[in-house]
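# Report on the structure
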Amino acid sequence: MAEANPFATAGADAASLLAQTAEQPMTFETAKALTSKGDHDAAIDAWASLLEKAVTAHGETSKETAPLYYRYGDALLRKCEESDQLFGGDDDKEKDENELQQQSSLAVQSSLAPVEDEEEDLQENTAEAKEALAEDVQVAFEVLEVSRTIYEKLDDKEGSADCWLRLGDLDKLNGRFDSAITSYESCLKLRLETDGPHARSVADVHWCLAFALECRAADKDCPNSRELRDQALDNYVKCEAALKAVVSAAKEGEDMAAVKSVLDELGETIADAKARREQELARAAKPEPPKETTTIGFGTAPAAPSASVMMLQPKKKKAKLTPVAPPAP
């Protein structure tokens, strides 16, 4: 009797397993697992599929769709946050230029034509990637806004706070720091009501808000940089207090290594911010030295010029008023 081939049914078994997997419906937990795993494209497709089914079954603005709108927008934003192509700015440009220079130097020994083609391909691919990510950002904003609106109608403060937090993250990535600050403040207000001042979720918002305040204060067109830096320091201090409360309330055996690491970094950030504020206050309190009157192009003017010497006085020019565009909303 001939020996059975163990691989004879392998193809049929694989096809059967694939068919069974394809027939299994996508679930909320499966989509969450894909998100946690970092499989962004698969997670985006999963949330989009679940959202489409919920809209068909319950309507576009039903309470059942609110968490799915949020999860879909969150998945899109996670993908954007891990990409340097849209938000890298000058760093990406410098990186691309360095790559092109390396390609050009390597091609000196051969023909320059292939290198020129590679440069064009690289530029085209970069432009296409940025355009695709920009579309993801826009869709993320739209669905997060829909989710926030539904949660607010339901008076769901936790859901609304989650939406405000991610909208703030989106604005921060786009460099709209004023809008990010407003979103984070809205989130913080809600989380203080639901979780209290010493919750980890509140500490996270204090951290995000402080960072956005510092970024806005660093803008050249910011009219109140010192005030914003003081607000940032205040939020860092509150974040530290909340995290210390989390560590104190931790159960025996609970791993707090990550939180303690953040506390160490936060302590350095607070110390640097306080030192900078003291320097700014010292400079502001120090009187400016008196300006010496000088002749044009020469040293200090003599105390009493003689009648035969004509003093050259600088002519006062009318100040030019350059209109300054208001900061972008």
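An account of the accompanying structure is given in this report. The model shown is predicted, which means the values in this text are computed figures rather than measured ones.

Helix and strand counts for the chain stand at twelve helices and zero strands. Along the chain, from the amino end to the carboxyl end, the secondary structure elements read α-α-α-α-α-α-α-α-α-α-α-α. Residue pairs in contact within the chain that sit at least 24 positions apart in sequence constitute 56% of those at least 6 positions apart. Working note: accessible area of the chain is about 22,100 Å², and carbon and sulfur atoms make up 53% of it.

A few words on helix H4 (residues 66-81). Each α-helix turn comprises 3.6 residues. Residues three or four places apart therefore point the same way. Compared with the 22 Å implied by 1.5 Å per residue over 16 residues, the 22 Å span of H4 between its first and last C-alpha is a close match. For H4, the set of buried residues is Ala66, Leu68, Tyr69, Tyr70, Tyr72, Gly73, Asp74, Ala75, Leu76, Leu77 and Cys80.

For the rest of this paragraph, the subject is a negative patch on the surface. Taken together, the side chains of Glu124, Glu128, Glu131 and Glu135 define an acidic patch exposed on the protein surface. Along the chain, Glu135 turns up in helix H7 (residues 113-153). The exposure class assigned to Glu135 is partly exposed, which follows from its relative accessible area of 47%.

Bringing the pattern of salt bridges into the picture now. Throughout the structure, instances matching the rule amount to 20 salt bridges. Here Asp169 makes a salt bridge to Arg166, at a shortest N to O gap of 2.7 Å. Taken together, the residues span about one helical turn, with Asp169 and Arg166 both in helix H8 (residues 157-173) at a distance of three residues. Of the two residues, Asp169 and Arg166, neither departs from the other in class, the shared state being buried. Asp204 serves as the salt-bridge partner of Arg200, at 3.3 Å between the closest nitrogen and oxygen. Taken as a pair, Arg200 and Asp204 lie in helix H10 (residues 200-217) at a separation of four residues, close to a single helical turn. Classification of Arg200 as partly exposed rests on a relative accessible area of 40%. Salt bridges sharing partners connect three or more residues here, namely Asp74, Arg78, Glu81, Arg166 and Asp169.

If you walk through the whole model with that rule in mind, you get two aromatic pairs. Between Phe28 and Trp47, the ring centres sit 5.0 Å apart and the planes meet at 75°, which makes this aromatic pair edge-to-face. Linking Phe28 in helix H2 (residues 28-37) with Trp47 in helix H3 (residues 40-58), this pair joins segments that are 19 residues apart in sequence. The exposure class assigned to Trp47 is buried, which follows from its relative accessible area of 1%.

About the thresholds
Residues numbered from 1 in each chain as written. Predicted model: local features only at pLDDT ≥ 70, side-chain atom pairs only at ≥ 80, totals over all residues. Heavy atoms only, no water. Helix = DSSP H or I, 4+ residues; strand = E, 2+ residues; numbered from the N terminus. Contact = heavy atoms within 4.5 Å. Areas by Shrake-Rupley, 256 points an atom, 1.4 Å probe, with all protein chains shown as cover. Expected span 1.5 Å × (residues − 1). Buried < 20%, exposed > 50% of the residue type's maximum accessible area, 1.4 Å probe, protein only. Patch = residues over 30% accessible without salt bridge, like charges linked within 9 Å, V, L, I, M, F, W, Y side chains within 5 Å. Salt bridge = Lys/Arg side-chain N within 4 Å of Asp/Glu carboxyl O. Lys, Arg positive; Asp, Glu negative; His and termini not counted. Charge placed at Lys NZ, Arg CZ, Asp CG, Glu CD. Phe/Tyr/Trp six-rings, centres within 6.5 Å; stacked < 30°, edge-to-face > 60°.

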